[in-house]
Amino acid sequence: MRKLTPFDRSAQETPVLLTAQAIHTADAAATTATAMLTDRGRILAIGTPAECEAAVERAGLSPERIDLGDAVVVPGFVDAHAHPLMFGQMMTWVDCGPEKAGSIPEIVALLKAAASDLPAGRPVRGYGYEQRNLAEKRHPTRFELDEVASDREVYLMNASGHGGVVNSYTLQAGGVDRDTPNPDGGEFFRDAEGELTGELSDAACNILTGVHGVKIGHHGPNFHLADEPEEHLRQLDAATQRFLAGGVTSIGDCQVTRREFDMYLRLAEAGRLELRVSMYLLSHLLDEALEMGLVGQFGNAHLSFAGIKFYADGTLGGWTAYFPDGYVGDPCRTGQLYHEPAEYAGLIRKAHAAGLQTATHAQSPTAIEMVVSAIESALAEHPDADARHRIEHCGLPTPEQIERMAASGIRPVNQTQHYFNWGEGVEEAIGTPGERFNPLGEFERAGVPITISSDAPVAEPIPLEAIQTAVTRVTRRGHTLGPDDLRISALAALRAHTIEGAASIGRDDDLGSLEVGKYADFAVLSGDPLSVPAEEISAITVRETWVDGVRRHRV
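This is a predicted model, so every value here is computed, not measured.

Definitions and cut-offs
Residues numbered from 1 in each chain as written. Predicted model: local features only at pLDDT ≥ 70, side-chain atom pairs only at ≥ 80, totals over all residues. Heavy atoms only, no water. Salt bridge = Lys/Arg side-chain N within 4 Å of Asp/Glu carboxyl O. Helix = DSSP H or I, 4+ residues; strand = E, 2+ residues; numbered from the N terminus. Buried < 20%, exposed > 50% of the residue type's maximum accessible area, 1.4 Å probe, protein only. Pairing = 2+ DSSP bridges. Disulfide = S-S within 2.5 Å. Phe/Tyr/Trp six-rings, centres within 6.5 Å; stacked < 30°, edge-to-face > 60°. Lys NZ or Arg CZ within 6 Å of the ring centre and 35° of its normal.

**Student:** Quick rundown of the pattern of salt bridges? Include the residues and the values.
**Tutor:** One side chain can pair with another of opposite charge once the charged atoms of both are near each other. In the structure shown here, the tally under the stated rule is 35 salt bridges. The salt bridge partner of arginine 333 is glutamate 199, with a shortest N-O separation of 3.0 Å. One end of the pair, arginine 333, is in the loop between strand S16 (303–311) and helix H9 (341–353); the other, glutamate 199, is in strand S12 (residues 196–202), with 134 residues separating them in the sequence. Judged by its relative accessible area of 9%, glutamate 199 falls in the buried class. The salt bridge involving glutamate 460 is made with arginine 242; its shortest N-O contact spans 2.7 Å. With glutamate 460 in the loop between strand S20 (451–452) and helix H14 (463–472) and arginine 242 in helix H6 (residues 229–245), the pair connects residues that are 218 residues apart, well separated along the chain. Judged by relative accessible area, which is 31%, glutamate 460 ranks as partly exposed. Judged by relative accessible area, which is 33%, arginine 242 ranks as partly exposed.

Here's what the structure looks like:
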């Protein structure tokens, strides 16, 4: 029998009095301080050095005094939508992103090189390609991946995370041929002659998880590939360090299955859970969660259950978001809905009636309508002024839907790095309306709270890059996406990645801003994101990251 291992006790042993050029609290008054006193993981005082010294005297403390000089302190960033284990796992795969490969032959060469270094039979896995960034402007095919290996699995994941391409061996091993029907919530893509191309999406990825692996049916993309537990722990450790390097102190894991839950418990037991994690169970586990009595948030300061994750449609990056009239870039593709509207509304009603927060992935106007309507109906039956139901990504809501979101307290959780990395692709996919992708300015004017996150590994957990993109709407290629009124201020963007992120995971009472009584989670920056030119925000360095009053990262 395993013994209980408490892991939410603060590791801070000595009080600390910090001084800095500026400490942006991100509180409601947008206060800027220059000193902060912490003890046992909590903030005891914040304000001027004199005010904090007075607090030291009142409490009878003997703190360590740290002068951060010209540094700027902000609350620890809250990444309300990320996939840490998936991120860590892909850090062990072959990076086939745009900085590594600009064409399909270059991808094949990278994968071949990796295959030559792997033991016989070990799968070859790559990630990060976005077909519209390739010279060929298309997905690789299984025949091209057959050049990498024909005696083992080869899987190249699309940057969207919603599928990718496999070689012929993988299809054969999974018992998939040209006559195999598509699974609910997924697709094995075929060419004009009906031949398998090797591209697969969402629930079709079940063939990659093994006989006893995680199977999620039509409830979302299946990226839950298994490794040995110790390898998963190493992957989570590696991902944790990347989040901390970006100044992230809290995460909302937005697709938890038994794989993730098991790894978090193992990490906590080993004393290696350095970040705060709020878990959202995938919706195929809803009935099991209710059967166990999970009818509200529970857990401790480091690991907690927050709610249920749903999917309405697919991804814009992989052209599986639902556009019933087809894509401009490919009129034969419409994308998909994961659930019929009535079925989805029933799931939301069940979760809401039990008091659970829901977080639904939805990109297209049609999918967002399904979500907003279902939440409105659930709220009409069981009013709750603070349900905080979320729409993940919420790429292209209509102005009318935004107004209804404001009325129902629905919180969009956006990822500005998506349009930083491939914003041009949205316009190529659906035409001019794509320039409104993630309309943060419209949300702000309607009174809809804004939350920014990374969706790592779809984007790197670099909050300062996300904040800059929210302020400029300039993509990696230098293209400005949409009119100026879709932008928000640097302060609004900072709050969107701190206190609003905390509100979206239900932790704004103790996280997200630097206020007396809250946890001492903060990032130490080399510059001031509120005063440097907008195009220089992402160049600011995260010098240190503190969690619970303890320095966890230092450059």
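**Student:** Lay out the pairing of strand S5 (residues 72–75) with the relevant residues and their values.
**Tutor:** Bridge count between strand S1 (residues 16–24) and S5: two bridges; the pairing is parallel. Its bridge partner being in S5, isoleucine 23 is matched across the sheet by valine 73. One ladder, built from four bridges, connects S5 with strand S21 (residues 522–525); its direction is antiparallel. Bridge pairing in S21 links valine 73 to valine 524.

**Student:** Describe in detail the state of the cysteines, supporting the description with residues and values.
**Tutor:** Counting across every chain of the model gives zero disulfides. Here cysteine 254 stays free of any disulfide, with the sulfur of cysteine 394 as its closest cysteine sulfur at 14 Å.

**Student:** So what's going on with the pairing of S12? Which residues, and what values?
**Tutor:** A regular strand places its side chains so that they alternate between the two faces of the sheet. Where burial is concerned, most of S12 is hidden: seven out of the seven residues are buried. Pairing of strand S10 (residues 163–166) with S12 involves three bridges; the strand directions are antiparallel. Bridge assignment links glycine 164 to a residue of S12, and that residue is leucine 200. Across four bridges, strand S11 (residues 186–190) lies against S12 in antiparallel orientation. Bridged to phenylalanine 188 within S12 is leucine 200. Where S11 folds back on S12, the antiparallel hairpin that results is connected by five residues, among which glycine 194 adopts a positive phi of roughly 85°.

**Student:** Residue-level account of the packing of aromatic side chains, with values.
**Tutor:** As enumerated under the stated definition, the model contains ten aromatic pairs in all. Ring centres of phenylalanine 298 and phenylalanine 305 lie 5.9 Å apart, and the angle between their planes is 45°; this geometry places the pair in the tilted category. In this structure phenylalanine 298 comes out as partly exposed when scored by relative accessible area, which is 42%. Between phenylalanine 522 and tryptophan 546 the ring centres are 5.2 Å apart and the planes differ by 20°, which places this aromatic pair in the stacked class. Remark: tryptophan 546 occurs in strand S22 (residues 542–547) and phenylalanine 522 occurs in strand S21; sequence separation between them is 24 residues. Given the relative accessible area of 1%, phenylalanine 522 is considered buried. Of the aromatic side chains, those joined through ring pairs into one cluster are Trp319, Phe323 and Tyr327. Directly above the aromatic system of tyrosine 519 lies the positively charged group of arginine 276, at a separation of 4.1 Å from the ring centroid. Across the ring face of tyrosine 419, the terminal group of arginine 473 is positioned such that the distance to the ring centre comes to 4.4 Å.

Read these as spatial facts, not as claims about activity.
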